[in-house]
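Residues per chain, in single letters:
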Amino acid sequence: MQVELAQAPFEPSLRLAAFSAALEDEGAVVSFTGRARGRGADGAAVSSLVLECYRGVTLQSMKAIAADAHSRFAITASIVIHRAGPIAPGEPIVFVATAARHRRAAFEAADYLMDRLKTEAVFWKREEHDGISTWIEPTARDREDAQRWRDKVNDNAGN
Amino acid sequence: MQVELAQAPFEPSLRLAAFSAALEDEGAVVSFTGRARGRGADGAAVSSLVLECYRGVTLQSMKAIAADAHSRFAITASIVIHRAGPIAPGEPIVFVATAARHRRAAFEAADYLMDRLKTEAVFWKREEHDGISTWIEPTARDREDAQRWRDKVNDNAGN
Amino acid sequence: MKQARLDIELCGRLADACGPVLGLAVPENGLPVTAMLDDLASAYPALGEALRRIRIRACINETIVANDAMVRPGDRVALFPPVSGG
Amino acid sequence: MKQARLDIELCGRLADACGPVLGLAVPENGLPVTAMLDDLASAYPALGEALRRIRIRACINETIVANDAMVRPGDRVALFPPVSGG
């Protein structure tokens with residue numbers, strides 16, 4: 001379990017190479033890369049995305065989410081890298097990779113990590129366009145996605 | 001949509017780099033790498049995995065699965081690379097990457113591609129250990145995973 | 001009736017019994033896949049058991065076909081056991 | 001009662017009204033988070049509206065705390081609006 005807050009651009013493919021090289025007999029590796037988009041949901045050009053974080057609390061929130069993924073899924077290794085600060089369109093914002101003996105656990109853990117990072121990681125995010133700064137909150141879809149895992153816990157408890 | 005049958009080892013991280021570099025304003029990239037394991041399900045050492053394919057039919061089966069993923073999910077790009085021939089433990093067997101504006105489509109399409117490739121792609125697979133060759137069929141779990149997508153179609157039809 | 005020789009490729013575990021390519025005499029104007037399978041089982045009894053036990057798909061000229069499709073001399077014919085997937 | 005000055009960091013959109021760090025006079029033996037929020041709203045009315053409208057979490061010495069936690073001079077205090085996630 002490796003969790004990093006990156007203040008500068010990073011290259012996801014190099015991180016995937018290093019992550020994979022350190023594995024043992026895992027049969028499955030899933031990666032996710034989230035990239036800053038050049039157009040907002042309304043189609044307007046975005047010149048920059050800015051992610052504010054707060055001291056050790058942001059990294060701690062990421063570590064707690066990664067630890068939950070390890071206790072919940074049969075994964076043997078994971079990496080979470082998240083940018084902070086100003087991010088240009090096309091640059092990676094977040095990179096997640098998971099490894100497991102079988103692919104189902106690797107897929108589910110990566111999906112889970114992203115859903116929770118997108119709603120619970122301690123960041124405050126704004127888009128800048130035309131000199132105007134707009135604060136961004138998790139979308140209804142982000143909240144529904146994150147809710148899926150809570151529903152699953154309830155399903156299991158009910159059976 | 002790029003589909004390849006590879007007769008020699010390939011490096012997934014380089015393929016992810018090339019795939020990502022060719023994208024436009026996609027916000028989400030998911031990758032999956034399946035690696036040959038050094039131990040079988042019974043814990044016995046595997047010296048080699050051998051994937052037989054048949055002329056153009058194997059590539060055609062992979063292309064049909066990729067085309068289905070594009071018609072079913074809101075992905076804008078995909079790559080599927082599959083090894084054939086003898087594969088040593090630790091080497092990649094299959095690499096899949098998908099890109100989409102939003103992460104849900106990218107995750108689901110990669111998951112779907114793998115489930116169908118693991119059950120329907122035209123390969124015959126055997127493990128070699130201690131000079132003995134054992135033919136491998138899709139596991140019950142592989143079949144259940146692939147069945148999920150058929151169930152979903154039925155769910156949708158019912159609503 | 002005049003006969004011609006057809007080479008049939010056997011994929012996956014079907015090659016275990018008698019090897020990966022088998023010759024078969026077929027009528028010059030062809031025969032359906034089901035008849036070809038029966039003839040093959042008679043000519044190669046060791047393979048015949050596998051053909052009865054396993055669900056077989058025939059492939060003619062790189063297209064998987066139904067069992068009533070016609071096989072003709074000159075066709076590129078292969079027999080597939082169930083695929084194992086990637 | 002003796003008073004001390006506390007610097008409070010305002011995260012995310014909370015900094016829009018009056019800037020990212022505000023000073024507040026607090027009792028030397030501390031006060032609960034809820035009282036600190038009331039005092040801050042009185043001292044900075046432009047921020048007060050945001051504090052009432054938005055659900056706030058207080059963070060003391062890098063730990064998110066409940067609203068009845070005590071804030072003491074020397075603590076590193078920050079106020080969080082709802083996070084936007086990564």
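Residues numbered from 1 in each chain as written. Chains lettered and ligands numbered in written order. Predicted model: local features only at pLDDT ≥ 70, side-chain atom pairs only at ≥ 80, totals over all residues. Heavy atoms only, no water.

What counts is decided by this rule: UniProt positions are given in the numbering used here, feature names are shortened, and annotations may be inferred rather than shown by experiment.
Chain A is annotated in an unreviewed UniProt entry as Molybdopterin synthase catalytic subunit of Sphingobium cupriresistens. The annotation that UniProt attaches to chain A under Function (unreviewed entry) is "Converts molybdopterin precursor Z into molybdopterin. This requires the incorporation of two sulfur atoms into precursor Z to generate a dithiolene group. The sulfur is provided by MoaD." What UniProt states about chain A under its Subunit (unreviewed entry) heading is, verbatim, "Heterotetramer of 2 MoaD subunits and 2 MoaE subunits. Also stable as homodimer. The enzyme changes between these two forms during catalysis."

Quick word on the state of the cysteines
The criterion, for reference: Sulfur atoms of two cysteines make up a disulfide when they are within 2.5 Å.
Under the criterion given, the structure shown has zero disulfides over all chains. For Cys-18 of chain C, which is in no disulfide, the shortest distance to another cysteine sulfur is to Cys-11 of chain C and amounts to 15 Å. Sulfur of Cys-11 of chain D: no disulfide; nearest cysteine sulfur belongs to Cys-59 of chain D and is 7.7 Å away.

A short note on the nonpolar core
Put simply, the rule is: Residue types Ala, Val, Leu, Ile, Met, Phe, Trp, Tyr and Cys, when buried and joined through side-chain atoms within 4.5 Å, form a set referred to as a nonpolar core. The cut-offs for exposure are 20% and 50% of the maximum accessible area for each residue type, with area from a 1.4 Å probe on protein chains only; residues under the lower value are buried, those over the upper are exposed, and the others partly exposed. We call two residues in contact when some of their heavy atoms are within 4.5 Å.
In this structure, Phe-32, Val-96 and Leu-117 of chain A together with Phe-32, Val-96 and Leu-117 of chain B are the most contacted members of the largest nonpolar core, which totals 64 residues. Among residues more than four places away in sequence, those in contact with Leu-117 of chain B are Met-62, Ile-65, Val-80, Val-94 and Val-96 of chain B together with Gly-85 and Gly-86 of chain C. Counting 26 residues, the second largest nonpolar core, distinct from the first, contains Ile-8, Leu-14, Met-36 and Leu-37 of chain D.

Regarding helix H2 (residues 55-72) of chain A
Quick reminder of the rule: Strands are runs of DSSP state E lasting at least 2 residues, helices are runs of H or I lasting at least 4, and numbering of each runs from the N terminus. Helix span is expected to be 1.5 Å times the residue number reduced by one.
Helix length check: H2 of chain A (18 residues) gives 27 Å between terminal C-alpha atoms against 26 Å at 1.5 Å per residue, within 8%. By the burial criterion, the buried members of H2 of chain A are Val-57, Thr-58, Ser-61, Met-62, Ile-65, Ala-66 and Ala-69 of chain A. Of the surrounding elements, those touching the buried residues of H2 of chain A are strand E1 (2-6), strand E4 (75-83) and helix H3 (103-120) of chain A together with strand E4 (57-60), strand E5 (63-65) and strand E7 (77-80) of chain D.

Digging into the packing of H3 of chain A against helix H3 (residues 103-120) of chain B
Counted only if it meets this: Axis angles are defined between N-to-C directions and span 0 to 180 degrees, where every axis is a line fitted to C-alpha atoms and, for a helix, only to the segment in contact. Note on angle classes: values under 35 degrees are labelled roughly parallel, values over 145 roughly antiparallel, values of 65 to 115 roughly perpendicular, and the remainder oblique. When residues are sorted by character, Ala, Val, Leu, Ile, Met, Phe, Trp, Tyr, Cys and Pro go into the nonpolar class, Asp, Glu, Lys and Arg into the charged class, and all the rest, Gly among them, into the polar class.
Where H3 of chain A meets H3 of chain B, the axes come as close as 11 Å, and the angle between the chain directions of the two elements is 175 degrees. Here H3 of chain A lies roughly antiparallel to H3 of chain B, going by the angle between them. Of H3 of chain B, the residues touching H3 of chain A (which contributes Arg-103, Arg-104, Phe-107, Ala-110, Asp-111, Met-114, Asp-115 and Lys-118 of chain A) are Arg-103, Arg-104, Phe-107, Ala-110, Asp-111, Met-114, Asp-115 and Lys-118 of chain B. Class assignment for the residues of the contact of H3 of chain A with H3 of chain B results in six nonpolar, no polar and ten charged.

Observations regarding the relation of the copies chain A and chain B
Put simply, the rule is: What sets the superposition is a least-squares fit of C-alpha atoms, and only residues with pLDDT of at least 70 in both copies go into it.
Structural alignment of chain A on chain B gives an RMSD of 0.0 Å, achieved by rotating through 180 degrees and translating 0.0 Å along the axis. The transformation relating the two chain copies, once decomposed into turn and shift, fits a two-fold axis. The share of interface residues of chain A whose copies in chain B are also at the interface is 97%, consistent with both copies meeting through the same surface.

Here we look at the arrangement of the chains
The protein chains that touch form three pairs of chains, and the pair with the most contacts between them is chains A and B. In this structure chain A stays clear of chain C, and the shortest span between their C-alpha atoms is 13 Å.

Digging into the sheet that holds strand E8 (residues 132-136) of chain A
Residue and element names in this part refer to chain A. What counts, and what does not: Strand pairing is assigned whenever DSSP detects at least two bridges linking the two strands.
Taken in spatial order, the four strands make up an open sheet running E5-E3-E7-E8, and their pairing is antiparallel. Taken across any chain shown, the strands that pair with only one partner, and hence form the sheet edges, are strand E5 (85-87) and E8. Strand-to-strand twist across the sheet, computed as the mean angle between neighbouring axes with direction ignored, equals 25 degrees. As paired strands, strand E3 (residues 48-52) and strand E7 (residues 124-129) are joined by five bridges and run antiparallel to one another. Following the sheet pairing, Leu-49 is matched in E7 by Glu-127.

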